[in-house]
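Okay, here's what each chain looks like letter by letter:
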Amino acid sequence: MAEVQTTEYIDGKPQKVMAKFRAYSSYEESFKDYARLIGNNDRYRNVVAQAQTGGAEGFARGLQKAGYATDPEYASKLARVINTTVRVQRAMA
């Protein structure tokens with residue numbers, strides 16, 4: 001477990017808070033845990049389905065709607081990162 005200062009949006013306003021996050025010994029371990037969380041937690045049950053029909057934007061909106069992050073711009077930020085990564089991967093192929 002790691003405790004770090006982060007920005008959370010409370011009542012729509014950004015506030016610095018100390019929060020606990022899981023810590024991993026490898027990227028693989030963190031990705032597997034994330035997949036388990038999204039795939040097995042009832043809170044995120046519909047998120048994967050939204051990704052299949054709505055792409056990166058649908059996935060990101062689903063996570064935000066399910067309460068994954070407090071940033072009101074989380075979905076648009078995540079969708080931009082996903083789409084940029086996909087474009088870069090395609091350009092390199």
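Data block above holds the structure.
Attention here is on the structure that accompanies the text. (Residues numbered from 1 in each chain as written. Predicted model: local features only at pLDDT ≥ 70, side-chain atom pairs only at ≥ 80, totals over all residues. Heavy atoms only, no water.)

## Describing the packing of aromatic side chains
Here's step 1: The tally for this structure, following the rule as stated, stands at four aromatic pairs.
Here's step 2: For the pair Y27 and F31, a centre-to-centre distance of 6.4 Å together with 20° between the ring planes defines the contact as stacked. Of this pair, Y27 and F31 both sit in helix 1 (residues 27-40), four residues apart, roughly one helical turn.
Here's step 3: Exposure remark for F31: the relative accessible area of 58% places this residue in the exposed category.
Here's step 4: Ring centres 6.1 Å apart and planes at 85° place the aromatic pair Y34 and Y68 in the edge-to-face group. A residue pair is termed long-range when its members are at least 10 positions apart, and Y34 in helix 1 and Y68 in the loop between helix 2 (47-65) and helix 3 (74-92) qualify at 34 residues.
Here's step 5: Accessibility expressed as a relative area gives 29% for Y34, which makes it partly exposed.
Here's step 6: Among the aromatic residues, those joined into a cluster by ring pairs are Y34, Y44, Y68 and Y74. (Phe/Tyr/Trp six-rings, centres within 6.5 Å; stacked < 30°, edge-to-face > 60°. Helix = DSSP H or I, 4+ residues; strand = E, 2+ residues; numbered from the N terminus. Buried < 20%, exposed > 50% of the residue type's maximum accessible area, 1.4 Å probe, protein only.)

## Some details on the pattern of salt bridges
Here's step 1: As enumerated under the stated definition, the model contains four salt bridges in all.
Here's step 2: Linking R22 and D33 is a salt bridge whose minimum nitrogen-to-oxygen distance equals 2.4 Å. Of this pair, R22 sits in the loop between strand 2 (13-21) and helix 1 while D33 sits in helix 1, and the two are 11 residues apart along the sequence.
Here's step 3: A relative accessible area of 53% places R22 in the exposed class.
Here's step 4: Between R36 and D33 there is a salt bridge, with its nearest N and O atoms 3.5 Å apart. With R36 and D33 both in helix 1 and three residues apart, this pair spans about one turn of that helix.
Here's step 5: Classification of R36 by relative accessible area gives partly exposed; the value is 46%.
Here's step 6: Salt bridges linked by common partners bring R22, D33 and R36 together as one network. (Salt bridge = Lys/Arg side-chain N within 4 Å of Asp/Glu carboxyl O.)

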